[in-house]
Amino acid sequence: MNAKLLTDVLKVAVRPKVDDETGIVKREEVVKAIKRIMEGDESFEIRKRIEELRDGAANALSENGSSRKALSDLALKWH
């Protein structure tokens, strides 16, 4: 489930292919996956997306961010 979220929804990861016969990820597939995240257009897109998510999280946690506001509102409601 986590792999699906990271690869298909957030698009910040790649999944190596599992060998149909053994059910194991072979070393060649690991190498391909590493190259995909280290080189080329796909790696650029992954890094760009990670930066966007990082910035969004930082904004949400900032003093006037949505997460702080929501937690503050909840605390006031419970008070």
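Residues numbered from 1 in each chain as written. Predicted model: local features only at pLDDT ≥ 70, side-chain atom pairs only at ≥ 80, totals over all residues. Heavy atoms only, no water.

- Identification of the chain as UDP-glycosyltransferase from Trifolium medium is taken from an unreviewed UniProt entry.

Observations regarding the overall build of the chain
Then step 1. Assigned secondary structure in the chain consists of four helices and zero strands.
Then step 2. Along the chain, helices and strands appear, N-terminal first, in the series α-α-α-α.
Then step 3. The C-alpha radius of gyration of the chain comes to 19 Å, more than 25% above the 12 Å expected for a compact globule of 79 residues.
Then step 4. Each principal axis of the C-alpha distribution contributes one length, and for the chain these read about 60 × 30 × 15 Å.
Then step 5. For the chain, the proportion of contacts with a sequence separation of at least 24, taken over those separated by at least 6, is 23%.
Then step 6. A total accessible area of about 7000 Å² is found for the chain, and carbon and sulfur atoms account for 57% of it.
Then step 7. Distance between charge centroids for the chain: 3 Å, based on 16 positive and 15 negative side chains. (Helix = DSSP H or I, 4+ residues; strand = E, 2+ residues; numbered from the N terminus. Rg over C-alpha atoms; globule rule 2.2 N^0.38 Å. Contact = heavy atoms within 4.5 Å. Areas by Shrake-Rupley, 256 points an atom, 1.4 Å probe, with all protein chains shown as cover. Lys, Arg positive; Asp, Glu negative; His and termini not counted. Charge placed at Lys NZ, Arg CZ, Asp CG, Glu CD.)

A short note on unusual backbone geometry
Then step 1. Residue Lys-11 is not a glycine yet carries a positive backbone phi of 55°.
Then step 2. Along the chain, the position of Lys-11 falls in the loop between helix 1 (2-9) and helix 2 (27-38).
Then step 3. Judged by its relative accessible area of 52%, Lys-11 is exposed. (Buried < 20%, exposed > 50% of the residue type's maximum accessible area, 1.4 Å probe, protein only.)

Regarding the side chain of Glu-29
Then step 1. Residue placement: Glu-29 occurs in helix 2.
Then step 2. For Glu-29, the residues in contact, after removing those within four places along its chain, are Pro-16 and Lys-17.

A word on the environment of Ser-66
Then step 1. Tracing the backbone through its elements, the reader meets Ser-66 in helix 4 (residues 66-78).
Then step 2. Since its relative accessible area comes to 53%, Ser-66 is described here as exposed.
Then step 3. Ser-66 has contacts with Asn-59 and Ala-60, leaving out every residue within four places of it along the chain.

A closer look at a nonpolar patch on the surface
Then step 1. A cluster of nonpolar side chains, Val-18, Val-25, Val-30, Ile-34, Ile-37 and Met-38, forms an exposed patch at the surface whose accessible area comes to about 470 Å².
Then step 2. Within the secondary structure layout, Val-25 lies in the loop between helix 1 and helix 2.
Then step 3. Its relative accessible area of 32% is what places Val-25 among the partly exposed residues. (Patch = residues over 30% accessible without salt bridge, like charges linked within 9 Å, V, L, I, M, F, W, Y side chains within 5 Å. Salt bridge = Lys/Arg side-chain N within 4 Å of Asp/Glu carboxyl O.)

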